[in-house]
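Chain by chain, the residues:
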Amino acid sequence: MPELSHEEILRYSRHLLIPEVGLEGQKRLKSSAALVIGAGGLGSPVALYLAAAGVGRIGLVDYDVVDSSNLQRQVVHGTGTVGRLKVESARARLLDLNPGIRVEAYNEPFSSANAMRIVGDYDILIDGTDNFPTRYLSNDVCVLLGKPNVYGSIFRFDGQASVFYAKEGPCYRCLFPEPPPPGLVPSCAEGGVLGVLPGTIGTIQATEAIKMLLGIGSSLVGRLLLYNALEMSFEYVKLKKNPNCKICGPHPEVTGLIDYDAFCGVPGMDHEQGSAGMDWDITAVELAEKIRRSDPLRLIDVREPHELAISSLSGAELFPLGQLASRLPELDSAQEMVVICKSGMRSARALELLVSAGFRKVRNLKGGINAWSREVDARLPVY
Amino acid sequence: MPVLKMPTPLRSYVDGQAEVTVTGATVGEAMQSLVTQFPALKAHLYNGEGQLRPFVNLFIGESNIKDLQGLGTSLGEDDKLLLVPSIAGG
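Residues numbered from 1 in each chain as written. Chains lettered and ligands numbered in written order. Predicted model: local features only at pLDDT ≥ 70, side-chain atom pairs only at ≥ 80, totals over all residues.

Engineer: Could you give me a rundown of the overall build of chain A, with the residues and numbers involved?
Structural biologist: Helix and strand counts for chain A come out as 15 helices and 13 strands. Relative to the compact-globule value of 21 Å for 383 residues, chain A shows a C-alpha radius of gyration of 23 Å, a close match. Taken over the C-alpha atoms alone, chain A extends approximately 75 × 50 × 40 Å along its principal axes. Here chain A holds 383 residues, and the buried ones make up 47% of them. Across chain A, the fraction of contacts at a sequence separation of at least 24, relative to all contacts at a separation of at least 6, is 69%. (Helix = DSSP H or I, 4+ residues; strand = E, 2+ residues; numbered from the N terminus. Rg over C-alpha atoms; globule rule 2.2 N^0.38 Å. Buried ≥ 20, exposed ≤ 12 C-beta atoms within 10 Å, placed from the backbone. Contact = placed C-beta atoms within 7 Å.)

Set out below in structure tokens:
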């Protein structure tokens, strides 16, 4: 194990005072390597606390750039790094916090092509991603390589955390053998998230990772923590190994990494694409032209009512996505319609629902009302 | 009557309610009661063969019904059924 310098002994003195950590534990952290998937809401507190705690080598995987809409929750970044690569922005912040550690940045999409190579070099993976394909990939690579996967996930006021470690308990697939159908569960980009929520869940993930690296305490292996910020409630449910689990069960069907985008039915990376497919899309500029010509057209806004206060199109009718199926009788398949949401994702699903119900004269506003703000009318804010 | 705690991501399908009162002596009957009240949920929670989709996890207390008697698990009048959603935000 590596020795600690006098400088390090002073820096980590509050750890060295805890008998469960002490000098041996701190050396153990120094010789450890943790991989953080996603340098976003969860990845921010995870990476900050692991760096502060003195985890010797931290890997960061992200393929995005810092956007000002990230800063409400992604506290590792700052206004000064808007537009920079997230991994580089985070790396600079972590090294400022603790110059004695190594931070390895992977500015590449985490995929079946590179996951084994990247994860193989670390002791533990912390899953702070924002999409299902990457979550299944993180799980599977950890099972195949025998590494613990510290899981956290968030939506609005709800958070979940667990440690999936097939050697000692269930894996993510034991609980969720398959992802929900595309569109059932909105992402944070569509549904929103309380900014402080990933702080709570990410800090729990960092706690679990540090405990696992130190080999102390009772971990969340075999337990799922369910947190609700609005009710300030913490509940636990027991998780058991699924004997039929396709990857960690006794007769695994999944023995290598698969094509997760196809498995999940959604793309893993381009999560804000907002397109229903070329033939079904209408661009903001095309829609503006139709409105200018006074073409007969119904505008169906499938967002939630409170979003209308942020931006809306004149004459649009509100049909929140969750109500659309039961309100079909209010629509007429003979009329031309354009479905609208914030960025084109929910409206793409609304279109799918309408088409499956027999509607054909319907188009999706590609990129949503945000595209309208960017391409047609800058008086409307982008959110 | 038993209640089903609805996770936030699915509340838009049940008029925004946090808890839905259901009827039935088993978990299976309670879930049928849920989708009868809110038909839009049916296609999401059940597959074409009328079975609950594998991502749907229901708990009574701390126990997953998959570790009990599945949909046949009996449900008491005062039981709370918890639907644990699959969420991916980060």
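Engineer: Now, about the interface of chain B and chain A: what can you tell me, with residues and values included?
Structural biologist: Listed per partner, the contact involves 22 residues of chain B and 41 residues of chain A. Counting only elements with at least two residues in the side of chain B that touches chain A, the list comes to strand S3 (57-60) and strand S4 (63-64) of chain B. Within the side of chain B that touches chain A, the residues separate by chemical class into 11 nonpolar, nine polar and two charged. (Nonpolar A, V, L, I, M, F, W, Y, C, P; charged D, E, K, R; others polar.)

Engineer: Which residues make up the packing of helix H4 (residues 43-53) of chain A against helix H5 (residues 86-97) of chain A, and what values do they have?
Structural biologist: Residues and elements named next belong to chain A. Put simply, H4 and H5 touch, their axes get as near as 9 Å, and they point 30° apart. Taken together, the axes of H4 and H5 are roughly parallel relative to one another. Note on packing geometry: the crossing formed by H4 with H5 is right-handed. When H4 is examined against H5, the residues Ala-47, Leu-48, Ala-51 and Ala-52 are found in contact with a partner set consisting of Ala-90, Leu-94 and Leu-97. (Axes fitted to C-alpha atoms, helices over the stretch in contact; angles between N-to-C directions. Parallel < 35°, antiparallel > 145°, perpendicular 65-115°, else oblique. Left-handed = near helix turned anticlockwise from the far one by under 90°.)

Engineer: Can you tell me about the sheet that holds strand S2 (residues 19-21) of chain B, naming the residues and giving the values?
Structural biologist: The pairing of strands in a sheet happens through backbone hydrogen bonds and is either parallel or antiparallel. All names here are of chain B. The sheet built from five strands is open, its strands ordered S2-S1-S5-S3-S4 with mixed pairing. Each end of this open sheet is capped by a strand with a single partner; those strands are S2 and S4. Here four bridges tie S3 to strand S5 (residues 80-84), and the two strands are oriented antiparallel to one another. Its bridge partner being in S5, Ile-60 is matched across the sheet by Leu-81. (Pairing = 2+ DSSP bridges.)

Engineer: Can you tell me about the environment of Arg-11 of chain B, naming the residues and giving the values?
Structural biologist: Residues and elements named next belong to chain B. Secondary-structure assignment places Arg-11 in the loop between strand S1 (3-5) and S2. Its 16 C-beta neighbours within 10 Å are what place Arg-11 among the partly exposed residues. Along the backbone, Arg-11 and Leu-71 are 60 residues apart, and their C-alpha atoms lie at a distance of 22 Å. If we ignore the near neighbours within four places in the chain, the residues touching Arg-11 are Met-6, Gly-16, Gln-17 and Ala-18.

Engineer: Tell me about the domain arrangement of chain A, and please be specific about residues and values.
Structural biologist: Residue and element names in this part refer to chain A. As far as domains go, chain A holds domain 1 (32-264) and domain 2 (278-375). Just the C-alpha atoms count here: the centres of domain 1 and domain 2 sit 34 Å apart. Contact with domain 1, which involves four residues of that partner, is made by five residues of domain 2. Residue composition of the side of domain 1 that touches domain 2, by class: two nonpolar, one polar and one charged. (Domains from an automatic or database assignment.)

Engineer: Now, about the environment of Gly-24 of chain B: what can you tell me, with residues and values included?
Structural biologist: Residues and elements named next belong to chain B. Structurally, the position occupied by Gly-24 is in the loop between S2 and helix H1 (27-37). Separated by 13 residues in the primary sequence, Gly-24 and Arg-11 place their C-alpha atoms 21 Å from one another. Filtering out sequence-adjacent residues up to four positions away, Gly-24 remains in contact with Glu-29, Ala-30, Gln-32, Ser-33 and Leu-75.

Engineer: Run through the nonpolar core, naming residues and quoting values.
Structural biologist: All names here are of chain A. Ranked by size, the top nonpolar core spans 96 residues in total, and within it Val-36, Ala-47, Leu-50, Ile-58, Leu-60, Ile-126 and Ala-209 carry the most contacts. No other element matches the nine residues that helix H10 (residues 197-214) contributes to this core. Ignoring anything within four residues of it in the chain, the contact list for Ile-126 reads Ala-34, Leu-35, Val-36, Ile-37, Val-46, Val-150, Gln-205 and Ala-209. Ranked by size, the runner-up nonpolar core spans 26 residues in total, among them Ile-300, Leu-324, Ile-340 and Val-362. (Core = buried A, V, L, I, M, F, W, Y, C linked by C-beta atoms within 7 Å.)

Engineer: How would you explain the sheet that holds strand S10 (residues 298-301) of chain A if you had to name every residue and give the values?
Structural biologist: All names here are of chain A. Taken together, the five strands give an open sheet; going across it, the order is S9-S13-S12-S10-S11, and neighbouring strands pair in parallel fashion. Two strands close off the open sheet at either side, each with one partner strand: strand S9 (281-282) and strand S11 (317-318). Two strands pair when backbone bridges link them, and S10 and S11 are joined in this way by two bridges, in the parallel orientation. The partner of Asp-301 across the bridge, within S11, is Leu-318. In the packing of helix H14 (residues 345-356) onto the sheet, the strands contacted are strand S12 (337-340) and strand S13 (362-365), and the crossing angle to S13 comes to about 170°.

Engineer: Quick one: what's the story with unusual backbone geometry, residue by residue and with numbers?
Structural biologist: Phi angles above zero are rare outside glycine, and Ser-294 of chain A is one such case at about 60°. Structurally, the position occupied by Ser-294 of chain A is in the loop between helix H12 (284-292) and S10.

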